[in-house]
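# Understanding the architecture of this molecule
So you can see what is in the structure, the chains are spelled out below.
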Amino acid sequence: MHNERSRFLTFMLYVGLAFLYIPMVLLVIYSFNYSKLVPVWGGWSTRWYKVLFESPEVWEAVSLSLQIAFINATFATLLGALAGLAMVRFGKFRGRTIFGGMLVAPLVMPEVITGLSLLIFFISLKELIGWPLERGFTTITIAHITFSLAYVAVIVQARLTGMGISLEEAAADLGAKPFKVMSAITLPRLAPGLLSGWLLAFCLSLDDLVIASFVTGPGSTTLPILIFSRIRLGLRPDINALATIIIIFVAILVAIAAFIMLRQQKRELIDQQMAARGDV
């Protein structure tokens, strides 16, 4: 009975992985298709990568999306980490329940509602104080930070809850100042969570279409908006080439993050073993 259950779970795992990754593999293969018609195979060729690299419109969109994603990920990680620390380490404080609810609201709020509310907010600000003068880079970045920091806060909360506070309390008992405890113990142990949150915020910003379409303006076309506008007119092989480059880029980021997190976990395991030997 146990073996049958294990086989079933293994089979379902493979089915799930195939469902996720076979479309990506097909997309990569068809990015090397010579034919202009995406469904028709015309032989292997890199012509669409050449077309892609010669398109200034695409690279302007890529540059804008990467800039927004980097700034968004950095500020979302900073604000999300502070929010997560407040929720886990500061105990009960006045307004904690409301703060926690507002913090996770972007996770369950439909993107259409979020984008519409931010659009109305920016329009109201322009009427009241004359800012922003136009919607574009700044408004998209603020909008992305607004919903990305919620994801980072959840990751940081989970990491802090799993870490516990025993080492921090031990350091404080030995005379370490709060800043020293934070910089020498809390932040290094929290680093994998911060890195995961940064990467998640980066990918969320790079992938966002709905919210960005509400808060953008003329001359500020992000990569998802460009891809969507082109696909509406029909499938194009150069879009497959662009998607392949994005897949490779994200895969490299994930591999780097996995390597750093694995090293951190090994270091923590070694520290725990050394501490156990010292206790003995």
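Anything mentioned here points back to the structure above.
So, here's what we can say about the structure.

What counts, and at which threshold
- Position numbers for residues start from 1 in each chain and track the written sequence from start to end.
- Whole-chain, interface and lining totals are the exception, using all residues; otherwise, since this is a predicted model, local features are given only for residues with pLDDT of at least 70 and side-chain atom pairs are given and counted only at 80 or more.
- Remark: hydrogens and water are excluded; side-chain values derive from all non-hydrogen atoms of the structure.
- Throughout, an axis means a line fitted to C-alpha atoms (over the contacting stretch in the case of helices), and angles, computed between N-to-C directions, take values from 0 to 180 degrees.
- Strands here are runs of E lasting at least two residues and helices are runs of H or I lasting at least four, both read from the DSSP assignment and numbered beginning at the N terminus.
- Any angle from 65 to 115 degrees is called roughly perpendicular, while one under 35 is roughly parallel, one over 145 is roughly antiparallel, and all others are oblique.
- Crossing handedness: left-handed means the near helix sits turned counterclockwise from the far one by under a right angle, and right-handed means the same turn made clockwise.
- By the convention used here, residues are in contact when the closest approach between their heavy atoms is within 4.5 Å.
- Under the scheme applied here, ten amino acids are nonpolar (Ala, Val, Leu, Ile, Met, Phe, Trp, Tyr, Cys and Pro), four are charged (Asp, Glu, Lys and Arg), and all others, including Gly, are polar.
- Here, nonpolar core means buried Ala, Val, Leu, Ile, Met, Phe, Trp, Tyr and Cys residues that are tied together by side-chain atoms lying within 4.5 Å of each other.
- Partly exposed residues are those whose accessible area sits between 20% and 50% of the maximum for their type, while under 20% is buried and over 50% is exposed, using a 1.4 Å probe and protein chains only.
- Stacked, tilted and edge-to-face pairs are distinguished by plane angle, under 30 degrees for stacked and over 60 for edge-to-face with tilted covering the rest, among Phe, Tyr and Trp rings (Trp via its six-membered ring) whose centres lie within 6.5 Å.
- Ring-over charges, as used throughout, are those where CZ of Arg or NZ of Lys falls within 6 Å of the ring centre and within 35 degrees of the ring normal.
- By convention in these notes, a salt bridge is any Lys or Arg side-chain nitrogen within 4 Å of a carboxyl oxygen on Asp or Glu.
- Patches were defined on residues exceeding 30% relative accessible area and lacking a salt bridge, with like-charge contacts within 9 Å and nonpolar side-chain contacts (Val, Leu, Ile, Met, Phe, Trp, Tyr) within 5 Å.
- For the accessible areas, the method is Shrake-Rupley and the probe is 1.4 Å, while residue cover comes only from the protein chains on display.

The next subject is the packing of helix H3 (residues 56–89) against helix H8 (residues 178–207). Following both chains from N to C, one finds H3 and H8 inclined at 140 degrees, their axes separated by 8 Å at the closest point. The angle between H3 and H8 places the two elements in the oblique class. For the crossing formed where H3 meets H8, the hand is right-handed. Across from Ser65, Leu66, Ile68, Ala69, Phe70, Asn72, Ala73, Thr74, Ala76, Thr77, Ala81 and Leu85 in H3, the residues of H8 making contact are Met182, Leu194, Gly197, Trp198, Ala201, Phe202, Ser205 and Leu206. Its residues assigned to classes, the contact of H3 with H8 comprises 14 nonpolar, six polar and no charged.

This part takes up the nonpolar core. In terms of nonpolar packing, the biggest core is built from 22 residues, with Leu103, Val156, Leu160 and Phe202 touching the most fellow members. Residue assignment for this core shows that the elements contributing at least two residues are H3, helix H6 (137–163), H8 and helix H11 (237–279). When residues no more than four places from it in sequence are discounted, the contact partners of leucine 103 are Ala83, Met87, Leu149, Ala150, Ala153 and Gln157. Counting residues in each nonpolar core, the second largest holds twelve residues, with Tyr49, Leu52, Leu226 and Ala241 among its members.

In total, this model carries ten aromatic pairs according to the counting rule given. Measuring from ring centre to ring centre gives 4.9 Å for tryptophan 41 and tryptophan 44, while their planes differ by 80 degrees; the resulting arrangement is edge-to-face. According to the relative accessible area criterion, tryptophan 44 is exposed, its value standing at 64%. Pairing phenylalanine 121 with phenylalanine 122 gives two aromatic rings, centres 5.6 Å apart and planes at 55 degrees, and the pair type is tilted. A residue is classified by how much of its surface remains accessible, and phenylalanine 122, at 2% relative accessible area, is buried. An aromatic cluster is present here, built from Tyr30, Phe32, Trp41, Trp44 and Tyr49 joined pairwise through their rings. A cation sits over an aromatic face here: arginine 47 above tyrosine 34, 4.5 Å from the ring centre.

Evaluated as defined, the whole model comprises two salt bridges. Between glutamate 57 and arginine 230 there is a salt bridge, with its nearest N and O atoms 3.1 Å apart. You can see glutamate 57 sitting in helix H3 and its partner arginine 230 sitting in helix H10 (residues 223–231), a full 173 residues away along the chain. Between aspartate 238 and arginine 230 there is a salt bridge, and its shortest N-O distance comes to 3.1 Å. Summarising the burial analysis for this pair, aspartate 238 and arginine 230 share the class buried. Via salt bridges that share partners, Glu57, Arg230 and Asp238 belong to a single interconnected network.

Right, let's talk about a nonpolar patch on the surface for a bit. A contiguous nonpolar patch, built from Leu13, Tyr14, Leu17, Phe19, Leu20, Tyr21 and Met24 and spanning about 790 Å² of accessible area, is present on the exposed surface. Structurally, the position occupied by leucine 17 is in helix H1 (residues 2–30).

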